[in-house]
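Letter by letter, the chains look like this.
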Amino acid sequence: MEKQNRSALLTLILVYIFGVCLILLAFTAPALMRQYIQVTHCPESLFLPVTTTFYAILPFAAATLLALDRLLRRILRGEVFVSANVAALRLISYMLCAAVVIFLAAGFFYGGFFVLAVAAAFFVTVVRTVKNCFAPAVLIKDENELTI
């Protein structure tokens, strides 16, 4: 159990690091994109689709990090097979689905987003599979708690 708690704690720390990075990117994305265009000599026409896509994804990424934070905190408290965790996994999968849709739309302006759409779709599959494993486990746990 100690090793599992360390792993969950490390993951929680990574969630916080990603959260800080997301906040920093929210304020610096346009400047970073302009620098990237200058350094790599990419066409200036990439600026608008890439920054627009980033800001369209931003609320979904923030909601995902918040759901991960709550999920990991419950796991650290020993609340693993509870309905709130199933709800958190469901929310994360919905946020990833929204990212897939946004990346697919953005892919028509910059083809690289199609790769991100496929990657996000893969993670939707993984998260939904984990959610589908958790849901019956929660039901079994609830039934066992009612049994004398």
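So, a few notes on the structure that sits alongside this text. Nothing here was measured: the structure is a model prediction, and the numbers come from that model.

**Concerning a nonpolar patch on the surface**
Among the surface-exposed residues, L9, L10, I13, L14, I17 and F18 lie close enough to one another that they form a single nonpolar patch of about 560 Å² accessible area. Structurally, L10 is set in helix 1 (residues 2-40). Owing to a relative accessible area of 51%, L10 belongs among the exposed residues under this scheme.

**Considerations on the pattern of salt bridges**
A complete count under the given rule lists four salt bridges for this structure. E44 is the salt-bridge partner of R34, the closest N and O atoms lying 2.8 Å from each other. Highlighted residues: R34 in helix 1 and E44 in the loop between helix 1 and helix 2 (47-76), separated in sequence by ten residues. Across the pair D69 and R73 runs a salt bridge whose closest N-O atoms are separated by 3.1 Å. Placement of both D69 and R73 in helix 2 is noted, with a separation of four residues, approximately one turn of the helix. For R73, a relative accessible area of 40% translates into the label partly exposed.

**Remarks on unusual backbone geometry**
The backbone phi angle of H41 is positive, close to 60°, even though this residue is not glycine. Relative to the helices and strands, H41 resides in the loop between helix 1 and helix 2. With a relative accessible area of 70%, H41 lands in the exposed category.

**Concerning the environment of F108**
Relative to the helices and strands, F108 resides in the loop between helix 3 (83-107) and helix 4 (112-146). We classify F108 as exposed; its relative accessible area is 68%. Sequence separation of F108 and P49 is 59 residues, and the distance between their C-alpha atoms is 9.5 Å.

**Some points on the nonpolar core**
Formed by 22 residues in total, the largest nonpolar core has its most connected members in L71, L72, L89, I92, L96, V127 and F134. Put simply, the parts of the chain that give this core at least two residues each are helix 1, helix 2, helix 3 and helix 4. Filtering out sequence-adjacent residues up to four positions away, L72 remains in contact with A8, T11, L12 and V15. With twelve residues, the next largest nonpolar core counts M33, I57, A99 and I102 among its residues.

Conventions and cut-offs
- Residues numbered from 1 in each chain as written.
- Predicted model: local features only at pLDDT ≥ 70, side-chain atom pairs only at ≥ 80, totals over all residues.
- Heavy atoms only, no water.
- Patch = residues over 30% accessible without salt bridge, like charges linked within 9 Å, V, L, I, M, F, W, Y side chains within 5 Å.
- Areas by Shrake-Rupley, 256 points an atom, 1.4 Å probe, with all protein chains shown as cover.
- Salt bridge = Lys/Arg side-chain N within 4 Å of Asp/Glu carboxyl O.
- Helix = DSSP H or I, 4+ residues; strand = E, 2+ residues; numbered from the N terminus.
- Buried < 20%, exposed > 50% of the residue type's maximum accessible area, 1.4 Å probe, protein only.
- Core = buried A, V, L, I, M, F, W, Y, C linked by side-chain atoms within 4.5 Å.
- Contact = heavy atoms within 4.5 Å.

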